[in-house]
Every structure is written in structure tokens, then in C-alpha cells.
Amino acid sequence: MSNYGFVPHGSEDLSEMLAAVGVSSVEELYSAIPEKLRISKLDLPAGISEYEVSKKLHALAKKNTSDLVCFMGGGFYDHFIPAAVDAIASRGEFTTCYTPYQPEVAQGTLQTMFEFQSGMCRLTGMEVSNASVYDGGSAVFEAAAMSFRVNGRRRFLVDGAMNPIYRNMLESYAANMNFEFVEVAPKDGKADKEAIAAQLDDTVSAVILQNPSFFGCVDDYTETAEAARKAGALSILICYPLSLAYLKTPGEMGIDIAVGDAQSLGLPLGFGGPYLGFMTTSKKLARKMPGRICGETHDKNGNRGFVLTLQAREQHIRREKATSNICSNQNLCAIMATIHLALMGKEGLYEAAEESAKNAAYALKKLTAIPGVKATFSSPSFNEFAIDLPKPASKVCEKLLKVGIAAGIPLGEFFPGMENALLVALTEKRTIEEIDALAAKLEAALKEED
Amino acid sequence: MKLIYEESLPKRRGVIPPKSGVTCETLVPANCRRGEKAPLPEVSELDAVRHYTNLSRLNYSVDTNFYPLGSCTMKYNPKVNEQISRLEGFTALHPYLSLVPGGPENVQGALETIYETEQKLCEITGMKAVTMQPFAGANGEFTGVMLIAAYHKDHGDAKRRRMLIPDSAHGTNPASAMMAGFEITAIPSDGKGWVDLEALKAALGDDVAGLMLTAPNTVGLFDSNVGEICDLVHKAGGLMYYDGANLNAIMGHARPGDLGFDVVHLNMHKTFSTPHGGGGPGAGAVGVKENLVPYLPTPRVTKTADGKFEVGKADSTKSMGHIAPFFGNFCVMLKAYAYMLQLGAEGIREASGMAVLNANYLKARLQDTFKFPFQDQICMHECVCTSEWQLEKSGVNTLDIAKMLLDRGYHAPTVYFPLIVHEAIMIEPTETESKEVLDGFVESMKEIAKITETDPEACHRAPEKTPIGRLDEVAAAKNMILKA
């Protein structure tokens, strides 16, 4: 029995197997690799026991400050996650299977995928959902590429109030696709609807909007979607799924493609991932959508079952003509979101959304009562808002981190000229005491000499 | 089973979310609110737990069944890795902490794991630098070919717009290269399943950006001409891309960097056991030689002389930008890191050796029963056979054989891939399966082969013991019922 590698063979098995193969050593199995190109040993430490691994990782985890009171958002939020989400999703039957290529022995994955698609459609008010893409940022790119496939146009109007990292990802992913992104400057913290309408013409493939905006401001983009339609363009809306339990949905606005990150539906912050990109659209655009899609069907006895469907869009069949190269997506995260939606349910998700927004209203009032602090924008917000401080926000944030508070995102790091602005997010997890403490510590930090 | 929506009853509640007790109203004006509450499930916590637990039991998985799915490396996934990836010290970290002043001081442990994982993968692949940003294998491929594009552009060689891809490559290769703006030239395989060198020479030219090679290739063979292929492409001014989906076959025995490759992607959910999750989340590390370092995605984790970890923008203004918002699927990476720690230098090498032995053992024991198109060559981590003998004799095809295996408690191998083998059955046992399991699988395959002769009808009827019978995929595509 080996000391390493979870290999079960004893020495007897080993000799029997080598004999069956007709070689005298394992090394001989590598004879196809020219000998001068092979190595005899990796320059890595020797293996350690499970206990030592666990101890080392516990020690590394302890080097992080995991008990900061979190007012950071920017697209990723510290929402409540019921214990049952991970308890069920971590079952080996869900975690240790592959993509459901043999549907008869993968109905667990497939039906959950179908329920995920159903949940995302119900939440977004859209007709069709795929089974996930990597994250919100790659979802925005996939939506742009999809729009190009629909109307053959290469110009995109981009709301300047969208997530700046997603904006960068859009440029990175599309660098060699000959797309043109025209940024429309935001107005009072959100998309400038008039400016966008004025620039919509028959060269525009799609308008890309975000609601709530990166700055937390909410609006209704029904007219923008309509204006895009009239110009033969599509409308793409980046959404925050939990907020859709409360806010007007992309479906109600007549949006063509709704995308975003569903981290808010039961996934931990996890230092950036894994998260859960989603894409929903109309039935008529379904065949242009990338990624896996699960569909209902039946077996020969008429029993309902589920399979991956519309696979003629995908890389393993179409190769370079596929709608995307995506293969593995974020299936287990979609399972977590599906379980989360079931546990929270119709009322629970609404309450979490409403409570987050109420906490934000309270926090905004509380923070803007501090001398010298005012709301950056007058637009209404959902659970996140920007405030202007009398000093650079990065320095203030750094001070607050030292007293255990992640006060928010200093916007100057991403938007030159907004050095004094701080983006503050609230969830249902924040308490009155925590919000009051934020206000008190912020006020104290502002009074300190730098 | 019923859908969760079919189990819903009005007003039934699951988990109650926390309330802060603030009394003020939200700031959202009426015209920005949704008309009616989202029609989500209304079930109790137990209803939900039972529903999804019972659904999970309809799956085959590595934890429950032998899962010899070729090209997917379905090895055992150590449970300690799952446990450490759930430590609050990692899961509670907000990713923006890495990008704001003062933030990195609060996430030193997380940054260290990223840095250390990258260092280990540099050694395993023989590369200069590794990025953990890509979310999965295909995303890593895309990142890798975008790096090649950035390199040529930066060297005033933007005319290099053609990517050479052998016909034995994964379907993601051409799809990824296409997204990166390349035109694809397929290079045929020769009679041995290797790259046809004459066809390669004919395809080379000053418009060639590079060649994407899967090694071992998708018929499970290692192309002994790899050194010559790299030389030919390099001499023509192209770069060499190593599709590392099959790295389990060679890790610890050979390194893409030493073989002559400039860029490599790895599937952490395959080789490094993170696990696959029924279709992700994966993680797709990308390693590069010195020549491609300046173009790597931003941000990068660096280590200072006094042992602190910092987050810097990439080395220069040449960076390709963000592929992920932060550091990719970080908590997936943690599992790969723990896996590498536990195996160490010897274990990594041994895992590969045993994976190759297991594949060759299956091939040796099955080659009288099934046709192996490349029988005379030692295979690597997987072996590819076909059902051609059975199809000719009794009309039983690969799909039937796959379904017969399901009835015997085995997940089917990968079928009808690679495309260059007619009626392909691609078997990858991995190193974590015992001889008894392999022998049991061989006996079942032999039994199935017999039944194809004695009762071919039974083969067409399979599976009959699974939770559901063979499903009508045509009806699914036609009816397009995609939600409830």
C-alpha cells in the first residue's frame, strides 16, 4: 500500500498488473516520452499527512481577519445563508459527479438544474435561463457576444455606472473580437437614459445597463429597452438576483438578456469565488444563448425526465462554430442557489431583500448625519449607496479596518475623481448596533488627525 | 420525482432570515418595485432537505460508483480538502479586501495560499509563472491563446492569426481559439494517432500564431514527436500551447515546460481532484514561460523580501486585464493546494504512474473482447476502444454498451469521443481505483460483449435498472420545456 496519492495497490497487485500489461516497471509505461525530456523527481516538499494538511490550512485561515463587520458590496454581498444549503450541496452524490452526459444516472443534477433555471426565470421575470456561466463579468461578455450573433452589429453602448471590474473583463474578453464599446457617462449615479436613447441607432448591437448601478442607484429601464428595440438593438441588464425579490424585474422592463452574479443566492463571499454567473433571455433568443441548458423530456415509459438539450450550440459538437467555448460551468453553485431559493422561499427572499433595503435607508440617514458627510447622489438606492466624506475615503477605510469594520469600497480606487466617496452596502445580517457602531467609528476616524 | 414547485403550498415557510429591527421604510420608489412577489417555492425546511437529498440519490458519483469517464479524470476527492475549503477564515473574506488600501493585511493567509499554489504549479509544469484566475479548463484555454495573441501583437506580428489544432483535440480548443480571434487550421492525425508531421510542415507559415496540442492526446497516446513539433512551430515563429486537461498522465514524470511548450492550462477539478461538482465549479490554472509573463491577467499576488504578500497590478501595462474579477474560483483552488501538500513530490509522481498502469491494465484485459484501434502502443492515462466488432456482428452500438454499463452500477466511459475513432469508448480509470474494481469492470464488459451476441435486443432496451429509462433527447430539443 502506498504512502501517497490515495493509491490502493499493494505490491502483489502491482506485479500482477505490470505482468498483465507486459512491462517490467511503471517507468517503462512512459517510454513514449523521449527519455531526455523526462524527469525523475519534482522539486517539491515530501507529502504530509491529512492531519498536517488540515493543521497548516487552519493556520493559514487564521492569518486572515474573517470577523470584520462587512459593509462592503460592489456586487458581492454578505447575505445570510441557511445551514442546510451546504449540508445538502456538499453530498458526494452532488459534488463528485461529472457533467450529466448519462442522464439516466444523473437525474439529481439535471432536475436541480431544471429547478435552477425555473427559479432564475421566476426571479428575473424572463422566459429562458441557462444552467450557469462562470461569473457575472464573463456573463456580461457572453451577453455581448450573443447580441452580436443575433444582429451582427459590433457597437455597444455601455452604462458608465456598471461594475468597473466587469467593464474591464468585457474589454479583456472581447479584445480580439473587433467590438466597440462606447461608454455613456452616468447621471446622478446611474445610467443616463436620455444620453443612451440619443445614441441608439442602427449600428448599435446592444445597450448594456446595470440595476442597481455599481453605485447602488435604482431605476426603471423600460423606456431604454423599448428604445433599443426600435433601433434593432438588444438590451442587456446586469442584475443582482436577491434584489429582484423586491425590485422591478428585467422581464417587467422588457429587457432582452438579463445577466449577473447570483452569489447573493446562498454562496459565501469566499474571497472571490466560486460564484455563479447567470443568463436569462426570451424564448426566441434561446438558441443563441451560450452554455448548458437542461430540458424536460420523457423515457419510453412516459416517465418525466431531464436532459441537457439544444446541444447543437455547444463546443463539443460545433467546435469553432459553437456559441461559446464554455464547458464546465458553476453547476454546484447553481445547486446551492437552487436549494437556497427553496429554503428561503417566496416570503423569505422578499424579507431578506426588504430588510437589506431598510437597513440601507437607516444607515444612509445615520451616516449623513455625521458633520461633513453627505450622500454622493440623489438617486434612490436599494441596499447600497455612496457617501462623500470630507477626506480621502481610502485612508478612512484603512483606519476602520483596524477597528474591525470593512466600511465599504473607496470609489477613488476605481473612479478617478471620486477619491472622497465611499460605497457602503447593507444586508439583512447587519444589526442596528453594527450600523450605529459604523457611524460612531466613522465620525471618530474623520475627527482624527491624519 | 416531483419538482420543488409541485411540492409548494401557499404560505408554507422554510428558513426565516434575520431582522435588524429597523423601522424605516426602504428608499425604493414604487415604479422601481416588482409587481408581485416572485413565485418561488413555499416549502418547509424539511421538505427542501428531503427533496434535494432524494434528488442527489438519483446520481452516480465517484463516491458511489466506478466512474471511468475518459478525459475527465474522475479520481477520488479527499474529504479533508472539502473541509478546509469551508473554513470561515477563507469563506468570510470579501474579495475587494484584496484591492483596497489596508485590505491585503487582512487576507495574508489567503494571498499566501494563492502564491504557494502558483509556485507549486510552476514546478509541476516547468513554467515561469502561473495565474489562478481562469474559472475552468476552457476559460484557461481562452486565457492561454489570448496571451499568445497579445505576444504577437506586442511583437508587431499581428498578422499571425492562424491557430493550428490537431483533429484529436478537445472541442473547446477550436472554440477558445475562435473567441480569441484566430482562424483555425485542423491538422490531421497519422496512422499512429499522432500529429501528421508532413501536414504540419505544410500548414506552417508566417501567419501561424501557434499550435494547441493535447498531450497525451484524446486517444490516450503520447506523441513521441513532441520535441520536433515544438521545434517546427517555434522555427516558424509560432508558440506552443499545451492543453493540460490530461496532465494526470505525466505529472511528476515530464513537464510541459521541458517538452518545449510556452503556455499550458490545467484543469484543477480533474488532475488536482477538487472535484468536478456535476459541471463545475472548476479552476483553470494557466502557466507561462518568461516570454508571456508580461501579458498575464491582473491582479497578481507577489511576495516581498520580508515575506509579506501584496496584490499588484500585473508586471506591466501589457497585461491582458481581468479574466476573473479577483483570483478565480479561490475556494476551489484551496482544495488543489491541500491535495498537492498531501501528495508531495513522490505522491504526485506516483498518482500519475498508477493512473497510467490502471489504464494499460484495463486495455490489456479487454483487448480480446473489444477492438482497440491503437493496440500496439502503450496508452497513457486512458485507453480508447470501439464497439465496431459488436456493431458489425449484432448491431449493438457504443450507446447501447454505455447504457448496459449503467445497469451494472458503472458510470459509462466517455462515448463517441474522440471523433476520429468510430464508435469510440474512452476509458479513464484513474489511480484511485483498486484492482478488484478494475477486474469487476472487465468482467462486466466481457459479459456485455457476450449479451450483444446472445440477446442484442436486451442491449437496445438498456438501461432498465436506473431511476429512469433511456430518455428522448429529440423530444427535449423539439418541445423546449426549459422551466417550470
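Residues numbered from 1 in each chain as written. Chains lettered and ligands numbered in written order. Predicted model: local features only at pLDDT ≥ 70, side-chain atom pairs only at ≥ 80, totals over all residues. Heavy atoms only, no water.

Trainee: Just checking my understanding: could you explain the pattern of salt bridges for this structure?
Mentor: For side chains bearing opposite charge, pairing can occur when the charged atoms are close. Taken as a whole and judged by the stated rule, the model has 51 salt bridges over all chains. One salt bridge connects lysine 318 of chain B with aspartate 154 of chain B, and the closest N-O pair in it is separated by 3.0 Å. In this pair, lysine 318 of chain B sits in the loop between strand 9 (309-312) and helix 10 (330-366) while aspartate 154 of chain B sits in helix 5 (residues 137-154), placing the two residues 164 residues apart along the sequence. You can call lysine 318 of chain B partly exposed: its relative accessible area is 42%. Accessibility expressed as a relative area gives 35% for aspartate 154 of chain B, which makes it partly exposed. Put simply, Glu16 of chain A together with Arg365, Lys435, Asp439 and Glu443 of chain B are held in one network by salt bridges that share partners. (Salt bridge = Lys/Arg side-chain N within 4 Å of Asp/Glu carboxyl O. Helix = DSSP H or I, 4+ residues; strand = E, 2+ residues; numbered from the N terminus. Buried < 20%, exposed > 50% of the residue type's maximum accessible area, 1.4 Å probe, protein only.)

Trainee: What's the story with the interface of chain A and chain B in this structure? I'm lost.
Mentor: How big an interface is tends to be reported as the loss of accessible area on association of its parts. Facing the 194 residues of chain A at the interface are 207 residues of chain B. Where chain A abuts chain B, roughly 17400 Å² becomes buried across the two surfaces, and 64% of that area is made up of carbon and sulfur atoms. Taken together, the links from chain A to chain B amount to 10 salt bridges. For the pair chain A and chain B, the interface holds 92 residue pairs in polar contact (both at pLDDT 80 or more). With 25 residues, the top contributor of residues to the side of chain A that touches chain B is helix 12 (residues 331-367) of chain A. Of the residues assigned to the side of chain A that touches chain B, the class counts are 94 nonpolar, 58 polar and 42 charged. (Contact = heavy atoms within 4.5 Å. Buried area = accessible area lost by both parts, 1.4 Å probe. Polar contact = N/O pair within 3.5 Å; in protein donor to acceptor, adjacent residues only side chain to side chain. Nonpolar A, V, L, I, M, F, W, Y, C, P; charged D, E, K, R; others polar.)

Trainee: Would you take a moment to explain the side chain of threonine 99 of chain A for this structure?
Mentor: Within the element layout of this structure, threonine 99 of chain A appears in the loop between helix 4 (92-95) and helix 5 (107-124). Overall, threonine 99 of chain A belongs to the buried group, its relative accessible area being 1%. Side-chain polar atoms of threonine 99 of chain A contact the side chain of arginine 292 of chain A, separated by 3.2 Å. For threonine 99 of chain A, the residues in contact, after removing those within four places along its chain, are Arg292 and Leu308 of chain A together with His276, Gly278 and Gly279 of chain B.

Trainee: Is there a simple way to think about the sheet that holds strand 11 (residues 374-375) of chain A in this case?
Mentor: Strand pairing in a sheet relies on backbone hydrogen bonds. The paired strands run either parallel or antiparallel. Residues and elements named next belong to chain A. Taken in spatial order, the four strands make up an open sheet running 11-12-15-14, and their pairing is antiparallel. In the strand order of this sheet, the two ends are held by strand 11 and strand 14 (409-410), each with one partner. Pairing geometry for strand 14 and strand 15 (residues 421-425), over two bridges, is antiparallel. The residue bridging proline 410 from the neighbouring strand is leucine 422, located in strand 15. (Pairing = 2+ DSSP bridges.)

Trainee: Explanation requested: the nonpolar core in the structure shown.
Mentor: Inside soluble globular proteins, nonpolar side chains tend to come together where they are buried. Ranked by size, the top nonpolar core spans 211 residues in total, and within it Ile208 of chain A together with Leu121, Ile124, Leu200, Ile250 and Phe272 of chain B carry the most contacts. The dominant element in this core, judged by the number of residues it contributes, is helix 10 of chain B, at 22 residues. Setting aside residues no more than four positions away along its own chain, isoleucine 250 of chain B makes contact with Tyr30 and Ile33 of chain A together with Pro216, Phe222, Tyr242, Pro256, Leu259, Ser352 and Met380 of chain B. The next biggest cluster of nonpolar side chains, apart from the first, holds 71 residues, and it includes Ile196, Val218, Leu237 and Leu349 of chain A. (Core = buried A, V, L, I, M, F, W, Y, C linked by side-chain atoms within 4.5 Å.)

Trainee: What is the right way to look at empty space enclosed by the protein in this model?
Mentor: Evaluation of the coordinates by the stated rule reveals five cavities of 30 Å³ or more. The calculated volume of the largest cavity comes to roughly 220 Å³. Lining the largest cavity we find 22 residues, and of these Gly75, Tyr77, Gln210, Cys239 and Tyr240 of chain A sit closest to its centre. Going through the elements one at a time, strand 5 (204-211), strand 6 (234-239) and strand 7 (257-261) of chain A are the ones with two or more residues in the lining of the largest cavity. Classifying every residue of the lining of the largest cavity gives nine nonpolar, 11 polar and two charged. When we break the lining of the largest cavity down by domain, the ones giving at least three residues each are domain 2 (69-78 + 346-447) and domain 3 (83-340) of chain A. Taken as a whole, the second largest cavity encloses approximately 80 Å³ of empty space. No other element matches the three residues that strand 4 (residues 208-214) of chain B contributes to the lining of the second largest cavity. (1 Å grid on protein atoms, 1.4 Å probe; cavity = no way out; pocket = protein on both sides within 12 Å on 5 of 7 lines; lining within 4 Å. Points joined across faces, edges and corners; volume = space filled by probe spheres on them. Domains from an automatic or database assignment.)

Trainee: Please clarify how the domain arrangement of chain B should be interpreted in this entry.
Mentor: Residue and element names in this part refer to chain B. The domain boundaries assigned to chain B delineate domain 1 (1-58), domain 2 (83-342) and domain 3 (351-474). The C-alpha centroid of domain 3 is placed 31 Å from the C-alpha centroid of domain 2. Taken together, the contact between domain 2 and domain 3 spans 23 residues of the former and 19 residues of the latter. For the pair domain 2 and domain 3, the two sides together bury roughly 1500 Å², of which 61% comes from carbon and sulfur. Summed over the shared surface of domain 2 and domain 3, the number is zero salt bridges. Summed over the shared surface of domain 2 and domain 3, the number is eight residue pairs in polar contact (both at pLDDT 80 or more). A class-by-class count of the residues in the side of domain 2 that touches domain 3 yields 10 nonpolar, 11 polar and two charged.

Trainee: I tried to follow the domain arrangement of chain A on my own but got confused; where do I start?
Mentor: With domains assigned, chain A is organised as domain 1 (11-57), domain 2 (69-78 + 346-447) and domain 3 (83-340). With centres defined by C-alpha atoms, the gap from domain 1 of chain A to domain 2 of chain A works out at 54 Å.

Trainee: How should I be thinking about the environment of alanine 477 of chain B in this particular structure?
Mentor: Residue and element names in this part refer to chain B. Relative to the elements of secondary structure, alanine 477 occurs in helix 15 (residues 473-479). Judged by relative accessible area, which is 26%, alanine 477 ranks as partly exposed. Distance in space between the C-alpha atoms of alanine 477 and glycine 328 is 33 Å, their sequence separation being 149 residues.

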